[in-house]
Amino acid sequence: MPETTFITDPAELQSILALPESADRRATAALTFRIPRSLTKRIKKGDPRDPVLLQFWPNARENDSVPGFTADPLEEWSDTAPKETLPAGLLWKYAGRVLVMTQGVCAAHCRFCFRRHFPAAPAVDWGEIAAFLDRNNSVEEIILSGGDPLGMPPRELDVAFHYIKDLSFVKRVRIHTRYPILSPSSLTPGLFRRFEEIEGAGKKLLFVFHLNHPAELASDAAGAVGRLRADGFFLFSQTVLLRGVNDRAETLAELFTRVFDLGIVPYYLHQLDRVTGAAHFEVPVDEGRRIVGELRALLPGYLVPRYVREIPGFPSKTPLELPSID
Ligand code: SF4
């Protein structure tokens, strides 16, 4: 994939979009800037408050130190992280499934990313991971996550899939990605062939698309997503509740309706993980509950995702919505 597909210099984006202010340098140094070039067409020119831009534009408020916000909010890598001996790049939080951080780059770099302070992406040794899983064969699902697995060089993806296909006890492979929505042209025929091979090896393939605002949906997303659907893969979405981006029930209702129109089931609405640099994106839980309550009045229940937060050490995501009293 040619690097020119992406913009990595915020000054270039500032010029394309006629933005009044430069990106904050300290924020850019802390988390590199990157968006697909095609995404610029879905951002309003001259508008620093554009909800798509806000997700990716390095902001001076990222330098604020806010109590309760830490570098490793999910306790994945710092001193508080569990110290079992796991292969590099592998996280094992929940029964029956493991997550592999495949690489360090995503389709776009979200300023609120809970892994924004993660040390450099570990070099993943798939042989070591496969050997570990052979010794721990209660794992039925492998989650390939971010950095974005669909940004992996094809040869590395082949290595990963080669080992996964041979793990007979693994029934499901889940891919967390932003590519099909933000940059659908990145889904090459070669990628589809590899996906089909995973299914051919008897594993179910699931995709979970991260998207937060209806304007993110590329006009050609329907083609890429439609092909994934036609191949029989399972498609879900996950969204982070973000101040200034999607903190209105009407915005979320439009998002989840359009997502469903593409054949994707809205799956999770995440409470923001309290990572240093992202405090200005936080919507308090009480307000989130109110927004989700309003959302329920706008949409049928199957279009309303589960509003959850992740708490380190808990055996699953924690639901945040209060049961309704009918
Ligand atoms: S796509 Fe996910 S892993 Fe990648 S930068 Fe965004 S939040 Fe982080």
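Look a little higher up for the structure.
Scoring rules and cut-offs
- Here the residue numbers are simple positions, counted from 1 along each chain's written sequence.
- Confidence filtering applies because this is a predicted model: local features only for residues at pLDDT of at least 70, side-chain atom pairs given and counted only at 80 or more, and all residues used for totals across whole chains, interfaces and linings.
- With hydrogens and water set aside, each side-chain value is computed from the structure's full complement of heavy atoms.
- We define a salt bridge as a contact between a side-chain nitrogen of Lys or Arg and a carboxyl oxygen of Asp or Glu at a distance within 4 Å.
- Counting from the N terminus, the helices are the DSSP runs of H or I reaching at least four residues and the strands are the DSSP runs of E reaching at least two.
- Each residue is placed in one exposure class: buried if its accessible area under a 1.4 Å probe, protein chains only, is under 20% of its type's maximum, exposed if it is over 50%, and partly exposed if it falls in between.
- A single heavy atom is enough: if one lies within 4 Å of a molecule or strand, its residue is considered near that molecule or strand.
- Polar here means any residue other than Ala, Val, Leu, Ile, Met, Phe, Trp, Tyr, Cys and Pro, which are nonpolar, and Asp, Glu, Lys and Arg, which are charged; Gly is therefore polar.
- Pairing of aromatic rings covers Phe, Tyr and Trp, the last counted by its six-membered ring, and requires centre-to-centre distances within 6.5 Å; plane angles under 30 degrees mean stacked, over 60 mean edge-to-face, and any other angle means tilted.
- Where helices are involved, their axes are fitted lines through C-alpha atoms of the stretch in contact, as for all axes, and angles between N-to-C directions lie from 0 to 180°.
- Note on angle classes: values under 35 degrees are labelled roughly parallel, values over 145 roughly antiparallel, values of 65 to 115 roughly perpendicular, and the remainder oblique.
- Whether two residues touch is decided by their heavy atoms; if any such pair falls within 4.5 Å, the residues are in contact.

What follows covers the pattern of salt bridges. In total, this model carries 25 salt bridges according to the counting rule given. Of the charged contacts, one joins K171 and E140 as a salt bridge, the two residues approaching to 3.2 Å between their closest N and O atoms. Of this pair, K171 sits in the loop between α5 (154-165) and β6 (172-177) while E140 sits in the loop between α4 (126-135) and β5 (141-145); the two residues are 31 residues apart in sequence, bridging distant segments of the chain. Residue K171 is classed as partly exposed on the basis of its relative accessible area, which comes to 43%. Taking the shortest distance from any N to any O, the salt bridge between E141 and R172 comes out at 2.8 Å. Placement of E141 in strand β5 and of R172 in strand β6 is noted, with a sequence separation of 31 residues between them. It is possible to trace a salt-bridge network through shared partners that takes in E76, K93, R115, E310 and K317.

The immediate surroundings of the ligand are formed by C106, A108, C110, C113, R178 and H210. Across the shell around the ligand, the residue classes break down as four nonpolar, one polar and one charged.

Within the structure shown, the criterion is met by 13 aromatic pairs. Both rings, one in F207 and one in F233, keep their centres 5.8 Å apart while their planes meet at 50°; by these two values the pair is tilted. With F207 in strand β7 (residues 204-210) and F233 in the loop between α8 (221-230) and β8 (234-240), this residue pair connects regions lying 26 residues apart in the sequence. Here F260 and Y302 contribute two aromatic rings whose centre-to-centre distance is 5.5 Å and whose plane-to-plane angle is 55°, an arrangement assigned as tilted. Taken together, the residues span a long stretch of sequence, with F260 in helix α9 (residues 249-261) and Y302 in the loop between α10 (285-298) and β10 (306-309) at a distance of 42 residues. Ring pairing ties together the aromatic residues F192, F195, F207, F209 and F233, which thus form one cluster.

Let's shift gears to the packing of α5 against helix α7 (residues 189-200). Each pair of packed helices can be described by the angle between their axes along with the distance between the axes. α7 packs onto α5 with a crossing angle of 5° between their chain directions and a minimal axis gap of 10 Å. Here α7 runs roughly parallel to α5, going by the angle between their axes. Contact with α5, carried on its side by P154, L157, D158, F161, I164 and K165, involves L191, R194, F195, E197 and I198 of α7 and no other residues of that element. Here the contact of α5 with α7 is built from residues that sort into seven nonpolar, no polar and four charged.

Just geometry here; none of it tells us what the structure is for.
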